[in-house]
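# Inside the fold
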Amino acid sequence: KRHLISTADLTREDALLILDTAEQMAQVSARSVKKLPTLRGRTVVNLFFEDSTRTRTSFEVAEKRLSADVINFSAKGSSVSKGESLKDTALTLQAMGADAVVIRHGASGAPKLLADSDWLHGSVVNAGDGTHEHPTQALLDAFTMRRHLNPGVGHDLAGRRVTIVGDVLHSRVARSNVRLLHTLGAEVTLVAPPTLMPFGVETWPCQVSYDLDAALGKADAVMMLRVQRERMNAAFFPTQREYTRRYGLDARRLALMPEHALVMHPGPMVRGMEIESTIADSDRAVIVEQVANGVSVRMAVLYLLLGGSEPAITTSSANTP
Ligand code: CP
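Residues numbered from 1 in each chain as written. Predicted model: local features only at pLDDT ≥ 70, side-chain atom pairs only at ≥ 80, totals over all residues. Heavy atoms only, no water.

### Brief notes about the site of the ligand
Operational definition: Only heavy atoms are used to decide nearness, and a residue is near a molecule or strand if one of them lies within 4 Å of it. Side-chain atoms alone can form a polar contact between residues adjacent in sequence; in general such a contact is a pair of N or O atoms within 3.5 Å, and within protein one must be able to donate a hydrogen while the other accepts it. We get accessible surface area from the Shrake-Rupley algorithm with a probe of 1.4 Å; when it comes to residues, only the shown protein chains can shield them. A cavity here means a set of 1 Å grid points, computed over protein atoms only, where a 1.4 Å probe fits but cannot escape. A pocket is an open set with protein on both sides within 12 Å along at least 5 of 7 lines, and lining residues have an atom within 4 Å of a point. Put plainly, a molecule is in a cavity or pocket when over half of its atoms are within 2 Å of the grid points there. We call Asp, Glu, Lys and Arg charged. Ala, Val, Leu, Ile, Met, Phe, Trp, Tyr, Cys and Pro are nonpolar, and the rest, Gly among them, are polar. Bear in mind that the domain bounds are from an automatic or database domain assignment.
Close to the ligand lie Ser52, Thr53, Arg54, Thr55, Arg104, His134, Gln137, Pro266 and Gly267, which account for all nearby residues. His134 is positioned such that a nitrogen or oxygen atom in its side chain is 2.9 Å from an oxygen atom of the ligand. In isolation the ligand has 250 Å² of accessible area, and contact with the protein removes 91% of it. When atoms are counted within 2 Å of each cavity's grid points, the one that captures over half of the ligand is the largest pocket. Residue composition of the shell around the ligand, by class: one nonpolar, six polar and two charged. Looking at which domains feed residues into the shell around the ligand, each of domain 1 (7–133 + 291–319) and domain 2 (135–289) supplies at least three.

Written out as structure tokens, the structure is:
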């Protein structure tokens, strides 16, 4: 495959190959010299039309650890603000010899438009498009879950129960996770206020609930989502107090979860709204670990799309610092 647009495009074997390759990449990141020469001479463009902290920086770290030449493009401060189109932006990047473009865009479908076009000849990686998908986030979430809940190369998440809570309506993270977790054999339950549950959710491969307390007791992982006010009409903002009372993760709700269950959040968090600050900082939370795992997973994706004809790590001595 040349592009990564949606987790729906990944077979179980594809997903496991990425997760297993990411385990190898994590070994590279643990070394004192954290670099592989795999993408030397290749150019990767990070094309961000929307703000990002984690995704953008972890892609950049991943690209540099694979020795790629990296170009960071932000719509703010570029000729996009003068009205330049996505097509002309892409043609400009192609003229500079981009081998891959990592794109975040506010419009659902923008990465697929690029991938299907002849404006770019390289690979396209979706770093989050509108309310559609965020496939590398779902892969890093699955990687984190697998490490805690069923560690081992070749292992999937069969039978593990994942509860995803919050603004599902606007969440590309939830969409990518539901598809990938289903492919990996996990059982997903979505919990959201009725106004923030997407139309047609009953056709998704998951359970739907409006009762958070009831959905916590058997969860192996609970993933809290941010309320995405920037994608809402102000008239539809839920009040913080009511939202937190019904859908926030607090100490009482943490006590309803099995002791082994993970607390996850893709970030950015609104502490005190969807998650109590002390829980986000507790040893039950793997939120910072998710970020670190994002580097390994993004290294694996770029390696497999652009350079993966040789094993990621060829000799055991390559693993020693
Ligand atoms: N999880 C995530 O996509 O975070 P950023 O918006 O900071 O990249």
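Right, picking up where we left off after that structure.
### What about the layout of surface pockets?
Sizing a probe to match a water molecule and rolling it over the atoms shows the empty space that remains. The criterion, for reference: Grid points are joined across faces, edges and corners, and a volume is the space filled by probe spheres set on the points.
Within this model, the largest pocket holds a volume of roughly 410 Å³. In terms of lining, the largest pocket is formed by 21 residues, of which the most central are Arg104, Arg172, Arg226, Gly267 and Pro268. Across the lining of the largest pocket, the residue classes tally to four nonpolar, nine polar and eight charged. Summarising the domain contributions, the lining of the largest pocket has at least three residues from each of domain 1 (7–133 + 291–319) and domain 2 (135–289).

### Some thoughts on unusual backbone geometry
Selection criterion: Helix and strand assignments follow DSSP, with helices taken as H or I runs no shorter than four residues and strands as E runs no shorter than two, numbered in order from the N terminus.
Cis geometry is found at the peptide bond from Gly267 to Pro268, where omega equals -10°. Tracing the backbone shows Pro268 in the loop between strand S9 (262–264) and helix H10 (277–280).

### Observations concerning the pairing of strand S2 (residues 69–74)
Applied cut-off: We treat two strands as partners when DSSP finds at least two bridges between them. Think of it like this: strands point away, you trace from the first strand over the helix to the second, and a clockwise trace means the crossover is right-handed.
Judged from the six bridges that link them, strand S1 (residues 43–48) and S2 form a sheet pairing that is parallel. Each residue of the ladder has a partner; that of Thr43, found in S2, is Asp69. Each parallel crossover has a hand, and for S1 linked through helix H2 (residues 54–65) to S2 it is right-handed.

### Details of the domain arrangement of the protein chain
Accessible area lost upon the coming together of the parts serves often as the stated size of an interface. So the rule is basically this: Residue contacts are defined here by distance: any two heavy atoms, one from each residue, within 4.5 Å place the two residues in contact. Two parts placed together each lose some accessible area; with a 1.4 Å probe, that loss summed over both constitutes the buried area. We define a salt bridge as a contact between a side-chain nitrogen of Lys or Arg and a carboxyl oxygen of Asp or Glu at a distance within 4 Å.
Per the domain assignment, the segments of the protein chain are domain 1 (7–133 + 291–319) and domain 2 (135–289). Contact with domain 1, which involves 34 residues of that partner, is made by 32 residues of domain 2. For the pair domain 1 and domain 2, the two sides together bury roughly 2800 Å², of which 56% comes from carbon and sulfur. Looking at the side of domain 1 facing domain 2, the largest losses of area belong to Thr7, Leu19 and Asn293, adding up to 22% of the total buried there. The tally of links from domain 1 across to domain 2 stands at six salt bridges. Between Arg12 and Asp156 there is a salt bridge; the shortest N-O distance is 3.1 Å. If you look at where domain 1 meets domain 2, you find 20 residue pairs in polar contact (both at pLDDT 80 or more). Among the elements that make up the side of domain 1 that touches domain 2, the one with the highest residue count is helix H1 (residues 12–30) (nine residues).

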